[in-house]
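Here is how the chains run, residue by residue.
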Amino acid sequence: MNNAQETINAIRILSAEAIQKANSGHPGLPLGAAPIGYTIFADFLKFNPKNPNFENRDRFVLSAGHGSMLQYALLHVFGYDVTIEDIKNFRQLGSKTPGHPEYKHTPGVETTTGPLGQGIANAVGMAIAEAHLAATFNREGFPVVDHYTYALCGDGCMQEGIEYEAASLAGTLKLGKLIVFYDDNEITIEGNTDVAFTEDVAARHKAQGWQVIDVKDGNDLNALKKAVKKAKAETTKPSLIICHTTIGYGSPLAGTHDCHGAPLGEENLAKTKQALGWTCEPFELPDSVKSVARSYKIKGGKIERAWDAMFEEYEKAYPELAAQYKDWMAGKLPDLVNNEDLWQFPKADATRGSSFTVLNKLAALVPNLIGGSADLAPSNKSNMKSREYLSPDNMAGSNIHFGIREHAMAAITNGMLVHGGLRCYCATFFVFSDYMKNAMRLAAMMNVPAIYILTHDSIGVGEDGCTHEPVEQLVGLRSIPNMKVFRPCDNKETTAAWITALTTQSPTCLVLTRQTLAQNENSGVNALKGGYILSDSEKATPDCLLIASGSEVELCVKAQAELKAQGVDARVVSMPCMELFEAQPAKYKESVIPSKVRARVCVEAGSAYSWYKYAGLDGEIISMDTFGASGPAKLLFEKYGFTVENVVEKALKVTK
């Protein structure tokens with residue numbers, strides 16, 4: 001047995017042993033796809049295991065994240081800080097080797113994968129980021145940004161709609177440095193793929209603008225190497241390498257769905273070792289395999305030192321560009337809070353218009369800002385007027401046409417962010433955030449600062465009707481841990497929303513109106529706290545609290561004046577971002593919403609579920625408990641009770 005084959009079998013057996021020890025996991029993919037993983041790491045992947053964050057490394061994404069033990073075994077064998085003890089603790093609480101790969105948890109894992117198809121879309125985002133940064137910074141003789149993105153997908157990924165969306169955009173953008181391996185073992189949990197999936201994957205990807213390469217035997221290392229070389233030779237198309245493999249290779253369960261998502265069992269594991277000629281003790285590796293880690297640590301160090309030396313010369317030749325590159329990669333930002341211009345606006349506007357104004361001011365302040373819309377930029381007002389559009393002929397452009405692909409758009413944005421060096425946003429109508437939800441959830445899980453411009457909120461959409469009027473979306477997004485949902489009431493709160501989005505290390509939703517809103521004298525920097533007193537009562541202790549977000553704040557301000565005339569002294573609290581407000585000290589929160597004031601009215605043109613904690617036992621909530629309707633926005637707000645009169649009526653009721 002040669003060293004390559006012995007290392008491949010080591011990867012297989014380590015995977016199967018760890019899964020058996022955990023009594024949980026997916027052995028089929030690691031057993032079948034180990035030669036693919038080995039070929040990528042051993043022959044092509046540019047990396048330094050001693051510094052997994054080496055900036056010019058190639059990226060490897062396991063889109064079929066259920067096969068995580070393949071990645072952990074590869075990382076261990078090739079010298080990353082994933083020890084044999086980590087392998088033994090696969091899927092255990094607090095271990096470095098969780099059930100699916102997790103970003104910034106395991107050294108060498110580039111993104112969180114598991115929900116099928118997310119990884120391929122992330123990989124497209126990484127390839128876009130590489131191409132954009134290369135077009136921005138590279139100069140003749142100085143390939144500062146020059147690396148490939150490799151992804152390994154399975155039959156399940158190929159069936160997900162997000163893969164279709166992401167692959168279509170990748171072909172359109174001619175991402176020649178994206179190489180995707182398709183582990184085509186024709187098995188999913190329910191059995192053979194032909195029970196539900198008989199399409200010609202190769203023909204589809206060719207139609208989408210990909211180079212397609214077929215490897216008839218996924219165990220043929222020479223064929224795999226030739227395929228990658230051919231993929232790298234094609235610079236104007238992404239490449240799909242279809243590898244025909246056998247799930248559970250070497251085990252008695254090979255070729256069946258029985259080994260997809262369950263341990264082999266002790267008896268079958270023993271037979272697998274026998275079939276592969278494996279004689280080592282459990283979790284033991286021969287010296288020849290152990291030496292692989294040492295050799296790749298040496299090789300990786302040389303690769304990084306060579307890049308460092310090249311960058312030193314680049315700094316001498318292009319000092320300004322080099323300094324900018326360093327700033328981008330470090331995430332450096334100017335002082336936004338104290339930039340007075342960001343808080344100035346020429347007129348009252350819809351918050352989508354306010355966002356457009358702020359975004360275009362930020363375009364001059366944050367040069368690595370990049371993003372776009374799912375074919376709605378004129379409506380979302382999400383384009384940067386001073387910037388060009390990204391295209392195959394101009395990858396330095398920073399406005400992106402994502403096309404009508406909301407799910408892929410959000411996941412591609414995640415990929416651009418985890419790549420590093422860029423500040424990223426994406427945009428669509430708020431109601432279509434439902435299409436983006438899985439990718440948004442993963443952004444929150446990975447703690448990456450994705451910015452979502454979500455316009456046309458609430459029944460204010462009007463004539464488009466109930467299909468386009470968000471009702472439950474606010475509470476849905478607010479329920480995601482680590483997600484900030486910012487619904488500003490005017491221009492200056494929109495500035496606060498953008499500053500929050502750019503200065504915190506987690507995703508932020510900017511939920512914006514189509515209709516023009518009144519501007520408030522006292523709004524502004526206090527919105528950075530998430531909730532604040534917009535218009536106070538004259539009494540030290542208010543008779544009533546009126547709490548709202550977005551367009552409904554205006555109703556509360558007007559109701560405050562009418563209540564005053566009727567002898568009720570109310571305080572208006574603007575609550576643009578509940579998550580930020582909850583992060584404030586208890587003393588501050590009490591100063592804004594005193595616990596002893598139980599007379600409260602909360603107003604928001606969405607579901608009531610977010611508001612019960614603020615309304616309390618005696619408060620009232622004016623909200624939506626049905627879907628909307630088609631008609632002029634003004635009439636819809638009246639129909640569903642979003643009027644000054646109704647706010648006054650509810651306030652009088654709770655103060656009796």
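Residues numbered from 1 in each chain as written. Predicted model: local features only at pLDDT ≥ 70, side-chain atom pairs only at ≥ 80, totals over all residues. Heavy atoms only, no water.

### With respect to the environment of Val289
How we decide: Helix and strand labels come from DSSP, where a helix needs a run of H or I of at least four residues and a strand needs a run of E of at least two; each type is numbered from the N terminus. Only heavy atoms matter for contacts: two residues are in contact if any of them lie within 4.5 Å across the pair.
Positionally, Val289 belongs in helix 11 (residues 287-317). Apart from the residues lying within four places of it in its own chain, the contact partners of Val289 are Asn3, Glu6, Thr7, Ala10 and Val77.

### Remarks on the nonpolar core
What counts is decided by this rule: By convention a nonpolar core is built from buried Ala, Val, Leu, Ile, Met, Phe, Trp, Tyr and Cys residues, the set being connected through side-chain atoms within 4.5 Å. Throughout, exposure labels follow a simple rule: accessible area from a 1.4 Å probe, protein chains only, divided by the maximum for the residue type, with under 20% read as buried, over 50% as exposed, and the rest as partly exposed.
In terms of nonpolar packing, the biggest core is built from 82 residues, with Val144, Leu175, Leu178, Ile412, Met416, Tyr452 and Cys509 touching the most fellow members. Sort the elements by how many residues they give to this core and helix 5 (residues 118-137) lands first, with 12 residues. Among residues more than four places away in sequence, those in contact with Met416 are Gly125, Met126, Ile128, Ala129, Ile370, Ile400, Leu422 and Cys424. Among the nonpolar cores identified, the runner-up in size contains 74 residues, and Val573, Met575, Val601 and Tyr614 belong to it.

### Here's the deal with unusual backbone geometry
Leaving glycine out, the prevailing phi sign among residues is negative, and the prevailing peptide bond configuration is trans. Phi at Phe283 is positive, roughly 60°, even though this residue is not glycine. By the element assignment, Phe283 lies in the loop between helix 10 (266-275) and helix 11. Positive phi, normally seen in glycine, also occurs at Asn482, with a value near 75°. You can see Asn482 is positioned in the loop between helix 17 (473-478) and strand 12 (484-486). Among the residues examined, Asn482 registers a relative accessible area of 38% and is labelled partly exposed.

### Notes on the sheet that holds strand 11 (residues 451-455)
This is how it is decided: Strands were regarded as paired on the criterion that DSSP finds at least two bridges between them. The angle between two axes is taken between their N-to-C directions and runs from 0 to 180 degrees, where each axis is a line fitted to C-alpha atoms and a helix contributes only its stretch in contact.
Ordered in space as 9-8-10-11-13-12, the 6 strands form an open sheet in which the pairing is parallel. With one partner strand each, in any of the chains shown, strand 9 (399-401) and strand 12 form the two edges of the open sheet. The average undirected angle you get between the axes of adjacent strands in this sheet is 20°. Bridge count between strand 10 (residues 423-429) and strand 11: 5 bridges; the pairing is parallel. From the neighbouring strand, Cys426 faces strand 11, where its bridge partner is Tyr452. Sheet contacts for helix 15 (residues 406-419): strand 8 (369-373), strand 9, strand 10 and strand 11; angle to strand 10, the most-contacted strand, approximately 170°.

### Here's the deal with helix 24 (residues 644-655)
Under the convention used in this document: What a helix is expected to span follows from its residue count: subtract one and scale by 1.5 Å.
A rise of 1.5 Å per residue sets the reference length of helix 24, with its 12 residues, at 16 Å; its end C-alpha atoms lie 17 Å apart and thus fit the reference within 8%. Residues Val644, Asn646, Val647, Val648, Lys650, Ala651 and Val654 constitute the buried set of helix 24. Looking at the buried residues of helix 24, the elements they touch are strand 15 (544-548), helix 19 (553-565), strand 17 (600-603) and strand 18 (620-622).

### Comments concerning the pattern of salt bridges
Think of it this way: side chains of opposite charge can pair up when their charged atoms draw near. Note the cut-off: Put simply, a salt bridge is a Lys or Arg side-chain nitrogen that is within 4 Å of an Asp or Glu carboxyl oxygen.
Counted under the stated rule, the structure contains 29 salt bridges. Residue Asp457 is joined to Arg487 by a salt bridge in which the shortest nitrogen-to-oxygen separation is 2.7 Å. Taken together, the residues Asp457 in the loop between strand 11 and helix 17 and Arg487 in the loop between strand 12 and helix 18 (491-503) connect sequence positions 30 residues apart. The pair Asp457 / Arg487 is uniform in exposure class, with both members buried. Arg487 is the salt-bridge partner of Glu552, the closest N and O atoms lying 2.6 Å from each other. Taken together, the residues Glu552 in the loop between strand 15 and helix 19 and Arg487 in the loop between strand 12 and helix 18 connect sequence positions 65 residues apart.

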